[in-house]
Amino acid sequence: RIADIEFKLWTDTIPLKEEKELLKEIQELKKNRPKVSQVKNLEAGLATRDVGSSFKEQIGSINEQMALFREGKKKVQEKMGALMEGRKEQLGDLPQIIEQRDAIGKQIA
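Quick caveat, the model's predicted, so the values are computed rather than measured. (Residues numbered from 1 in each chain as written. Predicted model: local features only at pLDDT ≥ 70, side-chain atom pairs only at ≥ 80, totals over all residues. Heavy atoms only, no water.)

Q: Just to check I follow, could you spell out the overall build of the chain for this structure?
A: For the chain, the count of helices and strands is four helices and zero strands. When the helices and strands of the chain are listed from N to C terminus, the series reads α-α-α-α. Expected size for 109 residues packed as a compact globule is a radius of gyration near 13 Å; at 41 Å, the chain overshoots this value by more than 25%. In the chain, which comprises 109 residues, the proportion classed as buried is 6%. Element-wise, carbon and sulfur atoms account for 57% of the exposed surface of the chain, whose accessible area totals about 10300 Å². Distance from the positive charge centre (21 side chains) to the negative charge centre (19 side chains) of the chain: 4 Å. (Helix = DSSP H or I, 4+ residues; strand = E, 2+ residues; numbered from the N terminus. Rg over C-alpha atoms; globule rule 2.2 N^0.38 Å. Buried < 20%, exposed > 50% of the residue type's maximum accessible area, 1.4 Å probe, protein only. Areas by Shrake-Rupley, 256 points an atom, 1.4 Å probe, with all protein chains shown as cover. Lys, Arg positive; Asp, Glu negative; His and termini not counted. Charge placed at Lys NZ, Arg CZ, Asp CG, Glu CD.)

Q: What's the story with the pattern of salt bridges in this structure? I'm lost.
A: Oppositely charged side chains are able to pair whenever their charged atoms sit close together. Evaluation of the coordinates by the stated rule reveals two salt bridges. Between glutamate 18 and lysine 8 there is a salt bridge, with the nearest N and O atoms lying 3.6 Å from each other. With glutamate 18 in helix 2 (residues 16-48) and lysine 8 in helix 1 (residues 2-11), this residue pair connects regions lying ten residues apart in the sequence. By relative accessible area, which is 29% here, glutamate 18 ends up partly exposed. Across the pair arginine 101 and aspartate 102 runs a salt bridge whose closest N-O atoms are separated by 3.7 Å. On the basis of relative accessibility, which here comes to 39%, the residue aspartate 102 falls in the partly exposed class. (Salt bridge = Lys/Arg side-chain N within 4 Å of Asp/Glu carboxyl O.)

Q: Just to check I follow, could you spell out the environment of aspartate 4 for this structure?
A: Along the polypeptide, aspartate 4 turns up in helix 1. Residues aspartate 4 and isoleucine 26, spaced 22 residues apart in sequence, show a C-alpha to C-alpha distance of 10.0 Å.

Q: I keep staring at the nonpolar core and nothing clicks. Help me out?
A: Soluble, globular proteins show a tendency: their nonpolar side chains are buried together. By size, the foremost hydrophobic cluster in this structure holds six residues: Ile2, Ile5, Leu9, Ile14, Leu22 and Ile26. For this core, the elements supplying multiple residues, two or more each, are helix 1 and helix 2. Per-element tally for this core: the top contributor is helix 1, with three residues. The contact partners of leucine 9, leaving out residues within four places of it in the chain, are Ile14, Glu19, Leu22, Leu23 and Ile26. (Core = buried A, V, L, I, M, F, W, Y, C linked by side-chain atoms within 4.5 Å. Contact = heavy atoms within 4.5 Å.)

Okay, here's the thing in structure tokens:
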């Protein structure tokens with residue numbers, strides 16, 4: 001834009017008021033030049049970085065790990081249930097005997 005304005009100033013015949021406005025615009029553009037280059041650098045950085053797909057891949061891998069852990073948890077719970085049933089069978093009438101013992105202890109006390 002600065003080059004276009006300078007070319008217009010050099011080649012065209014324009015009134016003084018318009019020439020002053022164009023010079024003022026050139027000054028503003030020169031002041032904002034570092035900001036513009038910084039914005040372009042940020043845009044280039046954003047264009048090369050694809051954050052969305054990497055997050056999706058991470059979420060997918062975490063979900064796969066969670067599924068494996070859930071399957072492992074189910075297996076452990078099944079084993080725990082089987083062990084609890086086996087323990088109940090081993091104890092047999094023991095809980096009833098313990099209740100009778102506690103009842104007799106209360107009667108004595």
